[in-house]
Amino acid sequence: MIGQVLASACRAISGAHIEWRCDPHAGLQRIYFGNHTSHLDFIVIWSALPPRLRPHVRPVAGYD
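Residues numbered from 1 in each chain as written. Predicted model: local features only at pLDDT ≥ 70, side-chain atom pairs only at ≥ 80, totals over all residues. Heavy atoms only, no water.

Draft legend 1. Focus on the overall build of the protein chain. On a plain count of helices and strands, the protein chain comes out with two helices and zero strands. In terms of overall dimensions, the protein chain has C-alpha extents of about 30 × 30 × 20 Å along its principal axes. Looking at the 64 residues of the protein chain, the share that counts as buried comes to 19%. Restricting the contact set of the protein chain to residue pairs at least 6 apart, pairs at least 24 apart contribute 58%. Summed over its atoms, the accessible surface of the protein chain is roughly 5500 Å², and 63% of this surface lies on carbon and sulfur atoms. (Helix = DSSP H or I, 4+ residues; strand = E, 2+ residues; numbered from the N terminus. Buried < 20%, exposed > 50% of the residue type's maximum accessible area, 1.4 Å probe, protein only. Contact = heavy atoms within 4.5 Å. Areas by Shrake-Rupley, 256 points an atom, 1.4 Å probe, with all protein chains shown as cover.)

Draft legend 2. Just the side chain of S47, in detail. Inspection of the secondary structure puts S47 in helix α2 (residues 41-48). A distance of 2.9 Å separates a polar atom in the side chain of S47 from the backbone oxygen of V44. Each residue touching S47, except ones within four places of it in the same chain, is listed here: A7, C10, R11 and R54. (Polar contact = N/O pair within 3.5 Å; in protein donor to acceptor, adjacent residues only side chain to side chain.)

Draft legend 3. Examining a nonpolar patch on the surface more closely. Nonpolar side chains collect at one region of the surface, where I18, W20 and Y32 lie side by side and expose about 260 Å² of accessible area between them. Of note, Y32 is situated in the loop between α1 (2-14) and α2. (Patch = residues over 30% accessible without salt bridge, like charges linked within 9 Å, V, L, I, M, F, W, Y side chains within 5 Å. Salt bridge = Lys/Arg side-chain N within 4 Å of Asp/Glu carboxyl O.)

Draft legend 4. Region of the structure containing the state of the cysteines. Tallying each qualifying case throughout the model produces zero disulfides. In this structure C10 is a free cysteine whose sulfur lies 19 Å from that of C22, the closest cysteine sulfur available. A residue is classified by how much of its surface remains accessible, and C10, at 10% relative accessible area, is buried. When its relative accessible area of 37% is taken as the criterion, C22 is described as partly exposed. (Disulfide = S-S within 2.5 Å.)

Written out as structure tokens, the structure reads:
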């Protein structure tokens, strides 16, 4: 429940718009990446995912 509230708040605050070019419900492994213009990259991407996929998402950071 907390995750759903956090995701809804993030979408409302950030105004992120998602354009899926694949089936987001398919059980395939994927890599999502942010452009690092904000410290909120992970939470915005996470909030855009379908709720059943969110528990399986892990943030990682690259060395700049």
